[in-house]
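# Commentary on secondary and tertiary structure
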Amino acid sequence: MDSNKPILDSIIVDASCIGNPGPVEYKGLNLWTRKVIFKHGPYAGGTNNIGEFIAIVHALAYCKINNLNLPIYSDSQTAIAWIRHKESNTTMLPSEKNKELLSMLERANKWLKTNTFKNEVLKWNTAQWGEIPADYGRKI
């Protein structure tokens, strides 16, 4: 495997959040075909890290359901660390606005604690490969 290039047979995820907190959405694509596998949101009152974390868990669950052992790339070091620890570590306070998103976050945490997976969760090398192709293109 050439570490100078991403593994094409993989799933790439990204999230977008306008503001902090703000509306957050996330999606997952097949890197080879660029086909959207899932896309959800926007959900009110979120953060980019929460969106990235939920996107990774969504990709892991998708792979488990479909019996796929594909690597999953994210450009979020924080979300990947949360996956390793099998729990998010957000300081987001619950409110009526973010109730749906925090419910999803709780389900993602529970999924990680009650499931196993063989998929590698890898850091997208933005410096070498450019923006992750799942990027929403909204950076300022």
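Please refer to the structure placed before this passage.
Now for a look at the structure at hand. Everything numeric in this text was worked out from a predicted model, so none of it was measured.

### What to know about unusual backbone geometry
Asn20 connects to Pro21 through a cis peptide bond whose omega is 0 degrees. Look at Arg34: it is not a glycine, yet its phi comes out positive at around 65 degrees. Phi angles above zero are rare outside glycine, and Lys86 is one such case at about 60 degrees. Along the chain, Lys86 turns up in the loop between helix 2 (77-84) and helix 3 (99-114). Taking relative accessible area as the criterion, Lys86 reaches 34% and is therefore assigned partly exposed.

### Concerning helix 3
Over its 16 residues, helix 3 runs 23 Å from end to end, which matches the ideal 22 Å to within 8%, given 1.5 Å per residue. Within the span of helix 3, buried status applies to Leu101, Leu102, Met104, Leu105, Ala108, Asn109, Trp111 and Leu112.

### Re the packing of helix 1 (residues 48-65) against helix 2
Running from N to C, helix 1 and helix 2 point in directions that differ by 50 degrees, and their axes come no closer than 8 Å. Relative to helix 2, the element helix 1 lies oblique. For the element pair helix 1 and helix 2, the recorded crossing hand is right-handed. Residues Asn49, Ile50, Glu52, Phe53, Ile56, Val57 and Leu60 of helix 1 form the contact with helix 2, whose own contacting residues are Thr78, Ala79, Ile80, Trp82 and Ile83. Broken down by class, the residue content of the contact of helix 1 with helix 2 amounts to nine nonpolar, two polar and one charged.

### Here's the deal with the packing of helix 1 against helix 3
Geometry of a packed helix pair, given as the angle between the helix axes and the separation of the axes. The geometry of helix 1 relative to helix 3 is characterised by a closest axis approach of 10 Å and an angle of 50 degrees between their N-to-C directions. The pairing of helix 1 with helix 3 is recorded here as oblique in orientation. Considering how the two elements wind past one another, helix 1 and helix 3 form a crossing that is left-handed. Contacts between helix 1 and helix 3 involve Ile50, Phe53, Ile54, Val57, Leu60, Ala61 and Lys64 on the former and, on the latter, Leu101, Leu102, Met104, Leu105, Ala108, Asn109, Trp111 and Leu112. Of the residues that constitute the contact of helix 1 with helix 3, the class distribution is 13 nonpolar, one polar and one charged.

### Some remarks on the packing of aromatic side chains
Using the criterion set out here, one finds six aromatic pairs in the structure. Considering the side-chain rings of Tyr73 and Trp129, the 5.7 Å spacing of their centres and the 90 degrees angle between planes classify their relative orientation as edge-to-face. On the criterion of sequence distance, the pair formed by Tyr73 in strand 4 (residues 72-74) and Trp129 in helix 4 (residues 126-129) is long-range, its members being 56 residues apart. Ring plane angle 75 degrees and centroid distance 4.8 Å describe the contact between Trp124 and Trp129, whose orientation is recorded as edge-to-face. A residue is classified by how much of its surface remains accessible, and Trp124, at 3% relative accessible area, is buried. In textbook terms, an aromatic cluster arises when at least three aromatic residues are bridged by ring pairs, as seen for Tyr73, Trp124 and Trp129. Note that Lys27 overlies the ring of Tyr136, its terminal NZ or CZ placed 4.3 Å from the centroid.

### Quick look at the side chain of Thr47
When you line up the elements, Thr47 lands in the loop between strand 3 (36-46) and helix 1. On the basis of relative accessibility, which here comes to 13%, the residue Thr47 falls in the buried class. Within polar-contact distance, the side chain of Thr47 engages the backbone nitrogen of Ile50 at 3.2 Å. Beyond its immediate stretch of four places on either side in the chain, Thr47 contacts Cys17, Asn20, Val24 and Met92.

What counts, and at which threshold
- Residues numbered from 1 in each chain as written.
- Predicted model: local features only at pLDDT ≥ 70, side-chain atom pairs only at ≥ 80, totals over all residues.
- Heavy atoms only, no water.
- Helix = DSSP H or I, 4+ residues; strand = E, 2+ residues; numbered from the N terminus.
- Buried < 20%, exposed > 50% of the residue type's maximum accessible area, 1.4 Å probe, protein only.
- Expected span 1.5 Å × (residues − 1).
- Axes fitted to C-alpha atoms, helices over the stretch in contact; angles between N-to-C directions.
- Parallel < 35°, antiparallel > 145°, perpendicular 65-115°, else oblique.
- Left-handed = near helix turned anticlockwise from the far one by under 90°.
- Contact = heavy atoms within 4.5 Å.
- Nonpolar A, V, L, I, M, F, W, Y, C, P; charged D, E, K, R; others polar.
- Phe/Tyr/Trp six-rings, centres within 6.5 Å; stacked < 30°, edge-to-face > 60°.
- Lys NZ or Arg CZ within 6 Å of the ring centre and 35° of its normal.
- Polar contact = N/O pair within 3.5 Å; in protein donor to acceptor, adjacent residues only side chain to side chain.

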